[in-house]
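These are the residues of each chain, in order.
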Amino acid sequence: MQSRPAPRWLTLGCLLFFATSAQAEPAALALLPPRIESTTQSAEQVPSRGTSVLGVAASDPQGSPLTFTWTTTEGTLAPPVHGATASEVTWTAPDCLPPDSAPVKVAVTNAHGLTSEVAFTFNVGGDLSVDYQPPFAGSQFSHMNGVTVSQNGTLRLALPPRPLNAERIAFEDNVSLSVQLVRKSADASHTLGWMYHDDLVARGYVGANDELLDTNGNGIADLHEDLYNLAPPSGPQARPYIGVTPRCPRTFVSGGFTYSSPALATNAGCQATFRRQPLTDPRPGQGQSVYAVDVVGQWEPDTNMNGYSDWGRYPRIPNLLEPALPDNDFKGLGNLVVLLTDDDENSTTYNQMGAVPDARLTPPDGIPDYDVSAYTQQGVRRPTNPDPGFSPSDRRIRLGDIPRHREIVFFLVAYYESKHTPADAGITFPCLKKAPDGRCSLFLQTPVSVFFSKSSWNLDLDTRGTSPAAEFHQGCVYRTTCDRQNPYGGGACVLPGTTRRLCGWLEEPAHAMLYRPEYGAITLPGVHFVVPASSNGAMPHLALASPASYPNRWLMGWEDLNGGGDRDFANAVFELRAEPSGVVFSASLDALPRDLDPRCFVSRVRVAKSDAFGPRCSDMSHPYTSYSISPDCQRCTDGVCLPNASPTFIPAPLGAGTSESVLDVSAVRGQSLCWQAWLGTADYLCQPEISNVDIGYELTRLP
């Protein structure tokens, strides 16, 4: 309780004094009004509908009795308690007042009709200095995505396992994706890219149930036809050319249809490559059966830049898989995330066919042998390289932000010799067209192969036809002494809880790379890992692992041989990761009444927080937290409040660690208050943690 002596005619603190008298005779002019001796006020800062106990003590210079009269222009007064020289009353505040309002007065009158008055000033409706946010508990949040309240009462990332299926790669929430090369173990060179599934649907390549369409009815799926620009230049089967100008304007006839000669399967001389020749049937169960079949394309080493080129931005990447650029007449649909998978001690790509040159001679370290930072996320060379040369920042390559539920399809372009030895090595030419009995009727010979994450979209046939297409002991190190088809010899590992033995998936250097901090110190679990067979006899080429103990991280292992070859699914291995992130939305703070006076609104908000990052952070970790305030997260009418579908969130400018700021939110004129916090990091060993959030507020009122 605040108490103040009160000399007459002075204003003390928040109290205003006045003295008045009735008309008096000249003889009475010497009479004096009551003297205010002191006042008390239990609270000057009062919450909405809160109370303050007010008191006054007075004396009369003439010694006459005193009367006390309390009045208020806002809020309500309880019945006062009067004494001979003092009076006390409890005032209940309204929902809000303009700052420094003086709604309550007390008039002290003596027996001679002389009066002195005192006014009490208040600030009503919230207090910036008070913390209205209770300690964290799950019930205080309207939404928590990827965040949990820890046992210590802090907010931390809690990333649920997100198993991915190679046949449909989509996410329940918006994600920021990146890839890191783990290991390349192949003679071939490769490019990794991706496309949005709905772009392929919009272009007319994909129909219901993900089947590839053949809208011109010539027996080749339109997607495959446009990859290699096989459609004829004219006639009923013609399709728009993907690119600017055909490099090899030849045609050939197969099965009664005219097709264009594929430049990606033709050397620099553009000779005719179509022929009919005897080949072994690559389908499983056909033994050594040989039949005469049409083949288009060729393979012979040709280092001329025009050899096996469709004249796009990157000569050996199909124009359709490039980003939309003038070089492909803006018909490209792809994003080229890793232009070259080479990570070795030589400076050559396979037959000099790589999308970009190999420019490094260092031992494998997970950083591709080209200057990654010189290219955009789409794979286009930047006008200015922000980080010239090779550096650790070239390890992690961003795909960008992927919207929730928007499916992506990965592809691998492999540059390697093209041969057909299905019986001996399980390798075959890709098949462009099948006869009604399932036998391939038109093969493609090319050193430029394209493999999709969706197995049924692949051109090559599965030469074994087993289900699953491959299986491994995921945590076991692969040893060359292990026979994948007969894993009961040396080098195999026993699956936990069984007597079954299987070969490992990845070689020891890949395991060692995954255990490095840059990859999140991953140890692969000892589980049964399978690559499912496709639904249409095509060869799957992507093994996609989702280790349950490492949420938001997946391993992509590619098989780069047509027909499956040795089926190691480890020729190019990448770590795909969604940057760990989460968000919490607080419920509306209970301190604000649901039936707030419509003239009142939140004017200022104080936000204070304490957070930290750990346990092990580096310059590449990039952890972050960010905070925002909404003064209109609910819409309330007659005491009934509903969530605002589009609340106004105002970012709070806060520094690292413990920080505080005050925001003017009066322009929104909101009547509820909530906050949100975003947490994220690029490093699984460097996690953000929020230990405290304080929220204070003030209300004001419309004039």
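So, a few notes on the structure that sits alongside this text.

**Some words on the side chain of Ser534**
Right, on to step 1. Along the chain, the position of Ser534 falls in the loop between strand E30 (528-531) and strand E31 (542-545).
Right, on to step 2. Its relative accessible area of 16% is what places Ser534 among the buried residues.
Right, on to step 3. For Ser534, the side chain forms a polar contact with the side chain of Asn536, separated by 3.3 Å.
Right, on to step 4. A polar contact is formed between the side chain of Ser534 and the backbone oxygen of Ala538, at a distance of 2.6 Å.
Right, on to step 5. Among residues more than four places away in sequence, those in contact with Ser534 are Ser455, Ser456 and Pro540.

**Some words on the nonpolar core**
Right, on to step 1. If you look at the biggest cluster of nonpolar residues, it comprises 81 residues, and the most contacted ones within it are Leu177, Leu192, Tyr370, Phe410, Phe452, Met556 and Trp558.
Right, on to step 2. No other element matches strand E23 (residues 408-415), which puts eight residues into this core.
Right, on to step 3. Counting residues in each nonpolar core, the second largest holds 29 residues, with Leu592, Val605, Tyr627 and Val665 among its members.

**Brief notes about the packing of aromatic side chains**
Right, on to step 1. Scanning the model with the defined rule gives 20 aromatic pairs in all.
Right, on to step 2. Aromatic side chains Phe136 and Trp675 sit 6.2 Å apart centroid to centroid with 45° between the ring planes, which places their arrangement in the tilted category. On the criterion of sequence distance, the pair formed by Phe136 in the loop between strand E11 (115-124) and strand E12 (141-145) and Trp675 in strand E41 (residues 674-680) is long-range, its members being 539 residues apart.
Right, on to step 3. On the basis of relative accessibility, which here comes to 10%, the residue Phe136 falls in the buried class.

**Comments concerning the sheet that holds strand E26 (residues 448-452)**
Right, on to step 1. If you trace the four strands from one edge of the open sheet to the other, you get E21-E16-E23-E26, paired in antiparallel fashion. The sheet is open, and its two borders are formed by strand E21 (335-338) and E26, each paired with just one other strand. Recorded for the sheet is a direction-independent mean angle of 30° between the axes of neighbouring strands.
Right, on to step 2. Judged from the five bridges that link them, E23 and E26 form a sheet pairing that is antiparallel. Counted as the bridge partner of Ala414 is Ser449 from E26.

**Examining the environment of Val201**
Right, on to step 1. Secondary-structure assignment places Val201 in helix H1 (residues 197-202).
Right, on to step 2. When the C-alpha positions of Val201 and Arg404 are compared, they lie 18 Å apart, and in sequence the two are 203 residues distant.

**A few points about the sheet that holds E41**
Right, on to step 1. Across the sheet, five strands lie side by side as E12-E34-E41-E36-E39; this open sheet has antiparallel pairing. The sheet is open, and its two borders are formed by E12 and strand E39 (650-651), each paired with just one other strand.
Right, on to step 2. Across five bridges, the pairing between strand E34 (residues 581-586) and E41 is antiparallel. What sits directly across from Ser581, in E41, is Gly680.

**As for the environment of Pro161**
Right, on to step 1. Structurally, Pro161 can be placed in the loop between strand E14 (155-157) and strand E15 (175-184).
Right, on to step 2. Spatially, the C-alpha atom of Pro161 lies 24 Å from that of Ser626, the residues being 465 residues apart in sequence.
Right, on to step 3. Discounting chain neighbours no more than four positions away, the residues touching Pro161 are Ala548 and Pro551.

**As for the state of the cysteines**
Right, on to step 1. Tallied over the full model, the rule gives seven disulfides.
Right, on to step 2. In this model, Cys96 is linked to Cys600 through a disulfide, with the two sulfur atoms separated by 1.9 Å. Disulfide Cys96 to Cys600: torsion about the S-S bond roughly -90°, handedness left-handed. Remark: Cys600 occurs in strand E35 (residues 600-615) and Cys96 occurs in the loop between strand E9 (86-92) and strand E10 (101-110); sequence separation between them is 504 residues.
Right, on to step 3. Given a relative accessible area of 1%, Cys96 falls into the buried group.
Right, on to step 4. Given a relative accessible area of 1%, Cys600 falls into the buried group.

**Some words on the pattern of salt bridges**
Should the charged atoms of two oppositely charged side chains come close, the side chains can pair.
Right, on to step 1. For the coordinates displayed, the defined rule picks out 35 salt bridges.
Right, on to step 2. Put simply, Glu74 and Arg701 hold a salt bridge, and the shortest N to O gap is 2.8 Å. Separated by 627 residues along the polypeptide, Glu74 in the loop between strand E6 (66-72) and strand E7 (76-77) and Arg701 in strand E42 (residues 686-701) bring together distant segments of the chain. In terms of burial, Glu74 and Arg701 fall into one category: buried.
Right, on to step 3. Notably, a salt bridge pairs Arg567 with Asp462, separated by 2.5 Å at the nearest N-O pair. A residue pair is termed long-range when its members are at least 10 positions apart, and Arg567 in the loop between strand E32 (553-558) and strand E33 (572-578) and Asp462 in the loop between E26 and strand E27 (470-473) qualify at 105 residues.
Right, on to step 4. Arg567 sits in the buried class, given a relative accessible area of 2%.
Right, on to step 5. The class for Asp462 is buried, based on a relative accessible area of 5%.

Reading the values: the criteria
- Residues numbered from 1 in each chain as written.
- Predicted model: local features only at pLDDT ≥ 70, side-chain atom pairs only at ≥ 80, totals over all residues.
- Heavy atoms only, no water.
- Helix = DSSP H or I, 4+ residues; strand = E, 2+ residues; numbered from the N terminus.
- Buried < 20%, exposed > 50% of the residue type's maximum accessible area, 1.4 Å probe, protein only.
- Polar contact = N/O pair within 3.5 Å; in protein donor to acceptor, adjacent residues only side chain to side chain.
- Contact = heavy atoms within 4.5 Å.
- Core = buried A, V, L, I, M, F, W, Y, C linked by side-chain atoms within 4.5 Å.
- Phe/Tyr/Trp six-rings, centres within 6.5 Å; stacked < 30°, edge-to-face > 60°.
- Pairing = 2+ DSSP bridges.
- Axes fitted to C-alpha atoms, helices over the stretch in contact; angles between N-to-C directions.
- Disulfide = S-S within 2.5 Å.
- Salt bridge = Lys/Arg side-chain N within 4 Å of Asp/Glu carboxyl O.

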